[in-house]
Amino acid sequence: MTRDDMKKMAAEAALEYVEAGSVVGVGTGSTANHFIDALAGIKHRIDGAVASSEATAERLRSHGILVMDLNEVVELPVYVDGADESNRYLQLIKGGGGALTREKIVAAASRTFVCVADDSKLVDILGAFPLPIEVIPMARSYVAREIVKLGGQPVLREGFTTDNGNIILDVHNMQIMEPAKLETALNQIAGVVTNGLFANRPADVLLLGGEDGVTKLT
């Protein structure tokens with residue numbers, strides 16, 4: 001079984017959290033794409049979806065699923081998205097695809113955040129995967145210097161612009177022992193839009209696809 005098969009298995013398991021007649025929050029990335037494809041099979045049961053990126057919106061529309069603006073939605077019962085890393089407290093690193101800000105907004109607006117991933121994403125300590133930070137372009141150098149003070153090594157993601165028109169700094173070589181504390185500290189740096197730590201608002205459910213099926217962590 002490939003890692004992609006495991007992602008697909010986890011994504012399909014998330015369908016049980018989709019409520020009939022609701023609007024579904026949908027994340028970005030390879031595992032989220034599997035969820036979108038599975039969601040298409042029950043699209044007649046939902047009212048629509050809120051997308052965390054332009055790429056996700058395009059894929060949803062290609063399946064004939066109505067894409068709604070978050071400002072039009074009173075409640076999101078569930079948000080389904082992948083992760084680049086998760087610890088056992090369901091605190092995550094996200095943003096490998098660069099959609100972290102919109103992902104964080106949709107997650108915050110949702111009652112239940114279901115994270116889907118293959119079991120290689122579960123780690124004891126976050127930080128082996130570079131932590132993405134979305135930054136206002138004019139603040140790039142200043143923010144990078146502040147990150148160095150916190151012990152990270154920021155690298156500009158070359159040739160990439162977010163859906164919000166900003167840049168991404170990927171921070172390497174950090175062992176993140178206190179994810180919520182670091183998330184807050186990074187967001188206090190002037191010029192940072194947000195960072196890819198989902199610790200103050202972690203996932204509520206983690207579905208991990210593996211050789212033996214899907215494991216659920218809460």
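**Here's the deal with the side chain of Glu 134**
Phase 1 of the analysis: With respect to the helices and strands, Glu 134 occurs in strand S7 (residues 131–135).
Phase 2 of the analysis: Lacking a salt bridge, the buried Glu 134 has Arg 102 as its closest oppositely charged neighbour, with an N-O distance of 7.3 Å.
Phase 3 of the analysis: In this structure the side chain of Glu 134 is engaged in a polar contact, spanning 3.1 Å, whose partner is the side chain of Asn 164.

**Some words on the packing of helix H1 (residues 3–13) against helix H2 (residues 30–39)**
Phase 1 of the analysis: Contact geometry for H1 and H2: axes closest at 8 Å, N-to-C directions at 50 degrees. Judged by the inter-axis angle, H1 sits oblique to H2. Handedness of the crossing formed by H1 with H2: right-handed. Residues Asp 4, Lys 7, Lys 8, Ala 11 and Glu 12 of H1 lie in contact with H2, whose contacting residues are Ser 30, Thr 31, His 34, Phe 35 and Ala 38.

**Things to note about the sheet that holds strand S4 (residues 85–86)**
Phase 1 of the analysis: Across the sheet, which stays open at both edges, the 3 strands sit in the order S4-S5-S11 with antiparallel pairing between neighbours. At either end of the open sheet lies a strand with only one pairing partner, and these are S4 and strand S11 (197–198).
Phase 2 of the analysis: Pairing of S4 with strand S5 (residues 92–93), which is carried by 2 bridges, proceeds in the antiparallel orientation. For Glu 85, the partnering residue across the bridge sits in S5 and is Ile 93.

**What about the nonpolar core?**
As a rule of thumb, soluble globular proteins bury nonpolar side chains together.
Phase 1 of the analysis: By size, the foremost hydrophobic cluster in this structure holds 23 residues, and its most contacted members are Val 26, Phe 35, Leu 39, Leu 60, Val 114 and Leu 207.
Phase 2 of the analysis: Mapped by element, the contributors of at least two residues to this core are H1, strand S1 (23–26), H2, strand S2 (48–51), helix H3 (54–62), strand S3 (76–81), strand S6 (110–118) and strand S12 (205–210).
Phase 3 of the analysis: Tallying contributions element by element places H2 first for this core, with 3 residues.
Phase 4 of the analysis: In contact with Leu 207, not counting residues within four places along its chain, are Ala 10, Ala 13, Ala 14, Tyr 17, Val 114, Cys 115, Val 116, Ala 117, Val 214, Thr 215 and Lys 216.
Phase 5 of the analysis: Counting residues in each nonpolar core, the second largest holds 20 residues, with Leu 126, Ile 133, Val 135 and Leu 186 among its members.

**Points about the sheet that holds strand S13 (residues 213–217)**
Phase 1 of the analysis: Read across the sheet, 6 strands follow the order S2-S1-S3-S6-S12-S13 without closing on themselves; strand pairing throughout is mixed. Single-partner strands in this sheet number two, and they are S2 and S13. For this sheet, the mean angle separating the axes of adjacent strands, direction not counted, is 25 degrees.
Phase 2 of the analysis: Sheet contacts for H2: S1, S3 and S6; angle to S1, the most-contacted strand, approximately 155 degrees.
Phase 3 of the analysis: Set on the sheet, H3 makes contact with S1 and S2; between it and S2 the angle comes to about 160 degrees.

Conventions and cut-offs
Residues numbered from 1 in each chain as written. Predicted model: local features only at pLDDT ≥ 70, side-chain atom pairs only at ≥ 80, totals over all residues. Heavy atoms only, no water. Helix = DSSP H or I, 4+ residues; strand = E, 2+ residues; numbered from the N terminus. Buried < 20%, exposed > 50% of the residue type's maximum accessible area, 1.4 Å probe, protein only. Lys, Arg positive; Asp, Glu negative; His and termini not counted. Salt bridge = Lys/Arg side-chain N within 4 Å of Asp/Glu carboxyl O. Polar contact = N/O pair within 3.5 Å; in protein donor to acceptor, adjacent residues only side chain to side chain. Axes fitted to C-alpha atoms, helices over the stretch in contact; angles between N-to-C directions. Parallel < 35°, antiparallel > 145°, perpendicular 65-115°, else oblique. Left-handed = near helix turned anticlockwise from the far one by under 90°. Contact = heavy atoms within 4.5 Å. Pairing = 2+ DSSP bridges. Core = buried A, V, L, I, M, F, W, Y, C linked by side-chain atoms within 4.5 Å.

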